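Below are the chains, spelled out letter by letter.
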Amino acid sequence: MNNKGIKKTDYLQLIVRILLLTIVVTVLWWLLFAEKENYLGLKVNDEINVTPEQIQSIKDIGQWEFLAISNEELVDTIRKGIFKDDQLVRIYYGTLRLGVDLSKVRPGWIQAKGDSVVMTLPKVGLLDNDFIDEARTKAFYESGKWTAQDREALYQKARRQMIAHALTPQNLKGAQSNAEAQFRHMLKAMGYNHINIIFEK
């Protein structure tokens, strides 16, 4: 009876040890392999993708101003007469805004792969053709009779002069540098490390 009791106890202890060993092996396997698999699963999906929604949201910015130039032009016209000359002199004020119009981007203007992106932008130019503030226009000197067509011709002369003084290579280069810096900053914030920004000619 005693011997049989010992054998039964040994048998129960053996089963308990096998169960404990199975549990320990299972826990160790889970800690060593299952955790590693989960970690690797997260690591694989670190590629950056520009979604169509992100591309559209950038495009929806529309006109992006990078340089504003306030201008003042004194413009005159003289009409020769028999006894005296007629003269019309006016001062025009305007603010010319230089930047990028994103409504003019071409298909495929953003190309991304991994952490690299290439962005092709329209060239920097004048964003608004109606830059003269007519409310601030002043008559500096006026003699003789002038028609609406004469005043329009003087307005167009002032407009051409403002464009010539504002759209200099130096100002365009400055606006482009500002544009590149801001787009680079935006793309960096989106997670891209290798950024190439190209402006169309």
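Look above for the structure.
Residues numbered from 1 in each chain as written. Predicted model: local features only at pLDDT ≥ 70, side-chain atom pairs only at ≥ 80, totals over all residues. Heavy atoms only, no water.

A.B. asks: Quick question: what am I supposed to make of the pattern of salt bridges here?
C.D. replies: It is possible for side chains of opposite charge to pair when their charged atoms get near one another. Under the counting rule described, the total for this entry stands at seven salt bridges. Where Asp150 meets Arg79, a salt bridge forms, and the shortest distance between an N and an O atom there is 3.7 Å. Of this pair, Asp150 sits in helix 3 (residues 148-166) while Arg79 is found in strand 1 (residues 63-79), placing the two residues 71 residues apart along the sequence. A relative accessible area of 24% places Asp150 in the partly exposed class. Of the charged contacts in the structure, one is a salt bridge between Asp85 and Lys80, with a shortest N-O distance of 3.5 Å. (Salt bridge = Lys/Arg side-chain N within 4 Å of Asp/Glu carboxyl O. Helix = DSSP H or I, 4+ residues; strand = E, 2+ residues; numbered from the N terminus. Buried < 20%, exposed > 50% of the residue type's maximum accessible area, 1.4 Å probe, protein only.)

A.B. asks: Could you clarify how one ought to interpret helix 3 in this entry?
C.D. replies: Three- or four-residue spacings in an α-helix give side chains the same orientation, since the helix completes a turn every 3.6 residues. In a regular helix each residue adds 1.5 Å, so 19 residues correspond to 27 Å; helix 3 covers 27 Å between its end C-alpha atoms and thus fits that length. Among the residues of helix 3, those classed as buried are Leu154, Tyr155, Ala158, Arg159, Met162 and Ala166. Along the axis of helix 3, the buried residues cluster in a sector spanning 145 degrees; they form a single face. More than 90 degrees from the buried face of helix 3, the exposed residues found are Gln149, Arg160 and Ala164. Those residues of helix 3 hidden inside the fold are in contact with strand 1, strand 2 (86-101) and helix 4 (169-189). (Expected span 1.5 Å × (residues − 1). Arc of directions from axis to C-beta. Contact = heavy atoms within 4.5 Å.)

A.B. asks: Can you walk me through the environment of Lys113 in this structure?
C.D. replies: Along the chain, Lys113 turns up in strand 3 (residues 110-113). Residue Lys113 is classed as exposed on the basis of its relative accessible area, which comes to 69%. The sequence separation of Lys113 and His194 amounts to 81 residues, and the corresponding C-alpha distance is 9.8 Å.

A.B. asks: Sorry if this is basic, but what is going on with the nonpolar core here?
C.D. replies: One finds Tyr92, Val100, Leu102, Trp109, Met119, Leu121 and Phe183 to be the most contacted residues of the largest nonpolar core, which totals 35 residues. Every element with two or more residues in this core is listed here: strand 1, strand 2, strand 4 (116-121), helix 3, helix 4 and strand 7 (194-199). With residues up to four places along the chain from it excluded, the contact list for Val100 reads Gly62, Gln63, Trp64, Phe66, Leu121, Pro122, Val124, Leu127, Ala179 and Phe199. (Core = buried A, V, L, I, M, F, W, Y, C linked by side-chain atoms within 4.5 Å.)

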